[in-house]
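Here is what each chain is made of, one letter per residue.
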Amino acid sequence: MKSKIAETLRLKFEPVAILWSDCLPEGSLQFKGVGTGCIMSMFAKAAAKGKTSAFSKTTFGCFGGGIGLGFGKQYENFPLGVEAFKYFLSTGLESSGKEDMVEGAKRLRNKEMAEYFLKGEGYKKSPNMVGKYLENLPTMDVPSKYVVFKPLRDLAEGEEPVVISFVANPDQLSALITLVNYDKEKNDNVIVPWGAGCTQIGILAFMEAKSETPRAILGLTDLEPRMAVRGLLGKDILTLTVSYRMFLEMEVNVEGSFLERSLWKRMVSD
């Protein structure tokens, strides 16, 4: 499937279609199991290398990825339990006074993961804050066996993605955000919810796709995924993810919009 938006914005990277499917695409990349592996590295391979990947309840990589792609409340299966996860995301188990958990973390084979457990990632101020975050996280169970990342150009006739995710630099993001708002009466049609990169292109975007008035989600603001994709996508990009319905509307709106005016043409020619 060709995209007027991608062509007009001169996107360096292919938009990624995210689908729900009960069929495993032939030749698709997969993780070998669960527990390790960043979903966003597979996303980067779709955008930069044209690789299709698929994820299931038994092949979603890290537990955060399982949550982010809609395979239920996977934080309940996190090593050492939910309580340990609250310290993992915040102040670390060394501050917990829970010696059994501290010793459990020290026994982990992955030394980098063990350090995160002990010291904490520092993304939330306290374990209590993490608990509140989990209470408000809209987890879901996708109605299919697989979640598939596929380059938009490889979308087959009859395939209907749930969402489309663009990878764009600041100028291109400015244009995308303007295009999202082009035919809308209100001005809050793009949101930046805090969370993992896979959550921003996954469950949060899936929830918006179910809404009567879906909003676009600005993403890849999570630090670790940014490091994970840097080799393929570079440092100056973010994602913008929209429902498939919104994507089709945006495609139609290219014609006659600011994207055909001289200002944008000067910007992309620099």
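Provided above is the structure to which this section pertains.
Cut-offs applied
- Residues numbered from 1 in each chain as written.
- Predicted model: local features only at pLDDT ≥ 70, side-chain atom pairs only at ≥ 80, totals over all residues.
- Heavy atoms only, no water.
- Helix = DSSP H or I, 4+ residues; strand = E, 2+ residues; numbered from the N terminus.
- Rg over C-alpha atoms; globule rule 2.2 N^0.38 Å.
- Buried < 20%, exposed > 50% of the residue type's maximum accessible area, 1.4 Å probe, protein only.
- Contact = heavy atoms within 4.5 Å.
- Areas by Shrake-Rupley, 256 points an atom, 1.4 Å probe, with all protein chains shown as cover.
- Lys, Arg positive; Asp, Glu negative; His and termini not counted.
- Charge placed at Lys NZ, Arg CZ, Asp CG, Glu CD.
- Pairing = 2+ DSSP bridges.
- Axes fitted to C-alpha atoms, helices over the stretch in contact; angles between N-to-C directions.
- Salt bridge = Lys/Arg side-chain N within 4 Å of Asp/Glu carboxyl O.
- Core = buried A, V, L, I, M, F, W, Y, C linked by side-chain atoms within 4.5 Å.
- Phe/Tyr/Trp six-rings, centres within 6.5 Å; stacked < 30°, edge-to-face > 60°.
- Disulfide = S-S within 2.5 Å.
- Arc of directions from axis to C-beta.
- Parallel < 35°, antiparallel > 145°, perpendicular 65-115°, else oblique.
- Left-handed = near helix turned anticlockwise from the far one by under 90°.

**Remarks on the overall build of the protein chain**
For the protein chain, the helix and strand inventory stands at 13 helices and 7 strands. Here the protein chain has a C-alpha radius of gyration of 19 Å; the compact-globule value for 270 residues is 18 Å, and the two agree. Each principal axis of the C-alpha distribution contributes one length, and for the protein chain these read about 65 × 40 × 35 Å. A total of 270 residues make up the protein chain; the buried ones form 51% of that total. Across the protein chain, every contact between residues at least 6 apart in sequence was considered, and the portion connecting residues at least 24 apart equals 79%. Carbon and sulfur atoms form 49% of the exposed surface of the protein chain, whose accessible area is close to 13,600 Å². Side-chain charges of the protein chain comprise 34 positive and 33 negative groups, with the mean position of each set lying 4 Å from the other.

**Observations regarding the sheet that holds strand 1 (residues 16-21)**
Read across the open sheet, the 7 strands follow the order 2-3-1-4-7-6-5; overall the sheet is mixed. Unpaired on one side and paired on the other, strand 2 (53-55) and strand 5 (190-191) mark the two borders of the sheet. Across 2 bridges, strand 5 lies against strand 6 (residues 216-219) in parallel orientation. Of the residues in strand 6, the one forming a bridge with Val190 is Ala216. Sitting on the sheet, helix 12 (residues 244-253) touches strand 4 (163-168), strand 6 and strand 7 (238-243), and the angle it makes with strand 7 is about 100°.

**Quick look at the pattern of salt bridges**
Here the structure, examined in full by the defined rule, presents 7 salt bridges. The closest approach of N and O atoms between Glu14 and Arg153, which form a salt bridge, is 3.4 Å. Of the two residues, Glu14 sits in the loop between helix 1 (4-9) and strand 1 while Arg153 sits in the loop between strand 3 (146-151) and strand 4, which places them 139 residues apart along the sequence.

**Re the nonpolar core**
Within the largest apolar cluster, 55 residues are counted, with the highest numbers of intra-cluster contacts made by Phe149 and Phe206. Core analysis: the second largest hydrophobic core is formed by 31 residues, Leu19, Leu152, Phe166 and Val254 among them.

**Re the packing of aromatic side chains**
Evaluated as defined, the whole model comprises 16 aromatic pairs. Taking the centre distance of 6.3 Å and the plane angle of 65° together, the rings of Phe63 and Phe78 count as edge-to-face. Within this pair, whereas Phe63 is found in helix 3 (residues 63-68), its partner Phe78 is found in the loop between helix 3 and helix 4 (82-88), the two being separated by 15 residues in sequence. For the pair shown, Phe63 and Phe78 are each scored as buried.

**Quick look at the state of the cysteines**
In total, this model carries 0 disulfides according to the counting rule given. Counting only cysteine sulfurs, Cys198 is the nearest neighbor of Cys62, a cysteine outside any disulfide, at a range of 5.9 Å.

**What about helix 7 (residues 127-136)?**
Along helix 7, the residues classified as buried are Pro127, Val130, Gly131, Tyr133 and Leu134. Viewed end-on, helix 7 has its buried residues packed into an arc of 160°, placing them on one side of the element. Along helix 7, the residues that are exposed and aim more than 90 degrees away from the buried face are Asn128, Glu135 and Asn136.

**Description of the side chain of Thr52**
Locating Thr52 in the fold gives a position in the loop between helix 2 (39-49) and strand 2. Apart from residues no more than four positions distant in its own chain, Thr52 is found in contact with Pro25, Ser28, Leu29, Val148, Phe149, Lys150 and Pro151.

**A short note on the packing of helix 2 against helix 11 (residues 223-233)**
For the pair helix 2 and helix 11, the least separation of the axes is 9 Å and the interaxial angle reads 20°. Relative to helix 11, helix 2 is oriented roughly parallel. Judged by the sense of rotation from one axis to the other, the crossing of helix 2 with helix 11 is right-handed. For the pair formed by helix 2 and helix 11, the contact residues are Met40, Ser41, Ala44, Lys45, Ala47, Ala48 and Lys49 on the first element and Pro225, Val229, Leu232 and Leu233 on the second.

**Some remarks on the pairing of strand 3**
Of all 6 residues that make up strand 3, 6 are buried, and the element is covered over most of its length. Of the two faces of strand 3, the one holding Tyr146, Val148 and Lys150 and the one holding Val147, Phe149 and Pro151 are both buried throughout. Judged from the 3 bridges that link them, strand 2 and strand 3 form a sheet pairing that is antiparallel. The residue of strand 3 that forms the bridge with Ala54 is Val148.

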